Amino acid sequence: MKKTWWKESVVYQIYPRSFQDSNGDGVGDIPGIISRLDYLEQLGVDVIWLCPVYESPNDDNGYDISNYQAIMNEFGTIGDWERLLQELHGRGMKLIMDLVVNHTSDEHPWFVESRKSKDNAYRDYYIWRDGKDGKEPNNWASFFSGSAWKRDEATGQYFLHLFSSKQPDLNWENEKVRREVYDLMTWWLEKGVDGFRMDVINLISKVEGLPDAEGDGKYNFGGEFFMNGPRIHEFLQEMNREVLSKYDIMTVGETPGVSPGEASLYVGEDRGELNMVFQFELMDIDAGPGGKWNVTPWKLVDFKRIMGKWQVELDGKGWNSLYLNNHDQPRMVSRFGDDGEYRKESAKMLATLLHTLQGTPYIYQGEELGMTNVKFAGIDEYRDIETINMYKEYLEAGRAEKDVMASIYSKGRDNARTPMQWDASLHGGFTTGTPWLKINPNYKEINAEEALRDPDSVFHYYRQLIELRKRHEVIVYGRYDVLLEEDERIYAYTRTLGEERLLIVLNFFADPVTFELPEAVAFDSYERLIGNYAWPEEADPRRLQLRPFEAQVLKLN
Ligand code: ISL
Ligand code: CA
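Residues numbered from 1 in each chain as written. Chains lettered and ligands numbered in written order. Predicted model: local features only at pLDDT ≥ 70, side-chain atom pairs only at ≥ 80, totals over all residues.

- By the naming in an unreviewed UniProt entry, the chain goes by oligo-1,6-glucosidase and is assigned to Paenibacillus albilobatus.
- UniProt, in its Sequence similarities (unreviewed entry) section for the chain, records the words "Belongs to the glycosyl hydrolase 13 family."
- The UniProt entry for the chain carries the following comment under Subcellular location (unreviewed entry): "Cytoplasm". (UniProt positions renumbered as here; feature names shortened; annotations may be inferred.)

As C-alpha cells, then:
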C-alpha cells in the first residue's frame, strides 16, 4: 500500500458558523477560527476541513453558494481567508475546502441568467423540464421534503433541486458547466488549498430521461436514478485529469448510498478519481423503513459488520475515511455512547475506535470535548432547513408533535451545530452577542477551558490518540482482523503490520463484561499503549474484566 501524508493525517472539521465569533454578531467567522488555531495545534490535528465559507444567502448554511470565488460577508474577507491559510501552513497544518458543485444557490449569477428564458446562454447550466399533466416532470422527492422540482414563473418550466428549492442542481451533462467547476477548483488550488471535501459528489450524474421513482408516496426517493449515475466515473476521471492530478492534495467525496464495492470504484488507487469517500452505511444503522427520522435501535453486531466490511473490502485497494459524526449527524456520544453518567468514558471509547481503524480519522468540532445532543423546547429554536421542513411535513400528515420533536432530539442536524463550548462564561465564550443558534445548556460543565485543565479529559485523550498514531505505523497501515464477531457487547480486533500487532478491546455498554481472548491470538508479552481506565496490575489480556465503556489498546509481542 502506498504511503502518503493524507493517510497519516488526522482531519478536524470546522463548521464556521458555530466555531468562534470574533465581532459579537452571533455568527462564527474566519478571524474567530484564526484565534483558536493554538487550540487545534495543541490537539495535534494535521488537516482542517472548512465547511463552506463562500458567498451564500444561507438557505442551507453555505451549502447554497452564490459566488464560488468570494467569502461570505458574515465570515470575513478573502484577506482573512488568506491569513487563515498562511497561519495554518505556518503551523505545518493543511486546509481543505468544501466543494459544493452538485448544485448552486438560486442566487448564483448562472441561475439568475438561466431562469430568464429558454434560450438564455446559461439555460442549460441547470436541469429544466416541462411539467407533466400540470404536475412536476417526475415524482422525485427532495432530500428536504416535498417535490424535487419547482416551477419557475418566467418560462413555466420546472427546475430540479434534490435539496432545497434554493439549491438548483447543476447540469453536469453540459461540458461548459464542468469547465466552470474545474476552473474554480484550479483557482482555489492556485491559492494554495490542500484539497477538497466534495459535497454529495456521487449525485452529479443523473439517468437520462429522469424516470419516475417507485413508491406509493406523493413524492418518492429517486436515488437509483441519481446516485452513482451512468457518467459519474467518467466525470470524476475527467476532473482528476484536468485538475486534481496536477497537485499534491487530498480529496474526500461525500457519497450517500455507496457500498464498499462501489467505493472501490471511487477510491481505487489505480482509478484516478478520489482518495477517500464518506460512507453512510453506519449512519443509516438506526434509520427505520421510513428513513432517518424513523429512529430504530441499533445493534453492536451490525455496527461491527458494517465497519468490518469497509475495513476488509478496501484494504490494499483504496482508503477509508473514519467518522462517527459531522455537521449533518447527531453527536456520537449521544448516539453510540452515553451522554449521561458515562459521557467521558464512552466518548473516549468511541475515540479509541475512530483512531485505531485503518483509514483517516475525521474529528467534528466539539467531539474532542464530548459535546452532546441538545433538546430545545420547541421548533422555533431550531434553524436547520431539513429539520424545519420535515416538522411541517410530518405535522401536516397528522403526526403527533411530541413524536416529531423526539425524532428531532435524536436525529436533527442542529444537534451538531450548536456553538462550540469554549468556557463557562455566557454563551460559552462563543460570542458576546446573541448566538445564531442557542448554545447547549450543558456548556458550564462541558467546555474547552475545563477540558484543557483536566489531565483526564476527553480532549487530552484525543491528543494522546493522535500522538500514538504518529508513533505506530501499524495504526495507520495495519491489517484489520475482527475478534468475537458475534459478541453483542464487545468490539475487539487486532491490527497487524509486519511484526507489529495491536489488540483493541472496547466495551460498548454500561454493564461490566468479561473479555476472553481467542486462543488463536498468541503472544509472549504485552505493553498497554492507551486506555480510558487505569490498567490494573493484575489484569490479564487473556481474560479482561471490562468496566463501563472501557477501551484498552495493547501492543502484543
Ligand atoms: O443530512 C443528511 C442526513 O439526513 C443528508 O441527507 C444530507 O443532506 C446529505 O448527506 C448531503 O449532505 C450534504 O449536502 C447537503 C447539505 O445540506 C449537507 O449539510 C451536506 O453535508 C446539501 O448541500
Ligand atoms: Ca461574527
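## Let's talk about the overall build of the chain
Here's step 1: The number of helices and strands found in the chain is 16 helices and 22 strands.
Here's step 2: A globule of 557 residues ought to have a C-alpha radius of gyration of about 24 Å, and the chain, at 24 Å, matches this closely.
Here's step 3: For the chain, the spread of C-alpha atoms along the principal axes amounts to about 80 × 50 × 50 Å.
Here's step 4: Each of the 557 residues in the chain was classed as buried or not, and the buried ones make up 51%.
Here's step 5: Of all intrachain contacts in the chain linking residues separated by at least 6 positions in sequence, the fraction that spans at least 24 positions is 66%. (Helix = DSSP H or I, 4+ residues; strand = E, 2+ residues; numbered from the N terminus. Rg over C-alpha atoms; globule rule 2.2 N^0.38 Å. Buried ≥ 20, exposed ≤ 12 C-beta atoms within 10 Å, placed from the backbone. Contact = placed C-beta atoms within 7 Å.)

## Some words on the sheet that holds strand S8 (residues 158-160)
Here's step 1: If you walk across this open sheet you meet the three strands as S6-S8-S7, and the pairing is antiparallel. The outermost strands of the open sheet, each flanked by one partner alone, are strand S6 (128-129) and strand S7 (149-151). (Pairing = 2+ DSSP bridges.)

## Structural notes on the environment of Ile475
Here's step 1: Secondary-structure assignment places Ile475 in helix H16 (residues 473-477).
Here's step 2: The exposure class of Ile475 is buried, given the 24 C-beta atoms found within 10 Å.
Here's step 3: C-alpha separation for the pair Ile475 and Phe163, spaced 312 residues apart in sequence, amounts to 38 Å.
Here's step 4: Not counting residues up to four positions away in its chain, the partners in contact with Ile475 are Thr356, Leu468, Arg469 and Arg495.

## Topic: the site of ligand 1
Here's step 1: In the vicinity of ligand 1 lie 14 residues, with Asp60, Tyr63, Phe143, Phe163 and Asp328 positioned nearest.
Here's step 2: When its residues are assigned to classes, the shell around ligand 1 shows six nonpolar, one polar and seven charged. (Near = placed C-beta within 6 Å. Nonpolar A, V, L, I, M, F, W, Y, C, P; charged D, E, K, R; others polar.)

## A closer look at unusual backbone geometry
Here's step 1: Unusually for a residue other than glycine, Asn61 sits at a positive phi of about 45°.
Here's step 2: Note that Asn61 resides in the loop between strand S3 (54-55) and strand S4 (67-71).
Here's step 3: By C-beta crowding, Asn61 is classed as buried, having 22 other C-beta atoms within 10 Å.
Here's step 4: Not every positive phi belongs to a glycine, and Phe549 is a case in point at roughly 55°.
Here's step 5: Secondary-structure assignment places Phe549 in the loop between strand S21 (543-546) and strand S22 (551-556).

## Concerning the domain arrangement of the chain
Here's step 1: Domain annotation of the chain identifies domain 1 (11-102 + 193-239 + 250-383 + 417-462) and domain 2 (479-556).
Here's step 2: Elements supplying a minimum of two residues to the side of domain 1 that touches domain 2: helix H8 (300-314) and helix H10 (343-355).
Here's step 3: Its residues assigned to classes, the side of domain 1 that touches domain 2 shows eight nonpolar, seven polar and five charged. (Domains from an automatic or database assignment.)

## A short note on the sheet that holds strand S14 (residues 321-322)
Here's step 1: The parallel open sheet is built from eight strands, whose spatial order is S11-S10-S9-S5-S2-S1-S15-S14. What marks the edges here is a single partner per strand, and that holds for strand S11 (276-278) and S14.
Here's step 2: Of the pairings in the sheet, the one linking strand S10 (residues 250-254) to S11 comprises three bridges and is parallel in character. Of the residues in S11, the one forming a bridge with Val252 is Met276.

## Describing the environment of Tyr493
Here's step 1: Inspection of the secondary structure puts Tyr493 in strand S17 (residues 490-497).
Here's step 2: Residue classification places Tyr493 among the buried residues on the basis of 22 C-beta atoms within 10 Å.
Here's step 3: Between the C-alpha atom of Tyr493 and that of Gly290, which follows or precedes it by 203 residues, the distance is 33 Å.

## A look at the UniProt feature "domain: Glycosyl hydrolase family 13 catalytic" (unreviewed entry) in the chain
Here's step 1: Taken from the UniProt record, the annotation "domain: Glycosyl hydrolase family 13 catalytic" (unreviewed entry) applies to residues 13-417.
Here's step 2: Overall, residues 13-417 shows 31% helix and 13% strand. The separation of its end C-alpha atoms is 12 Å.

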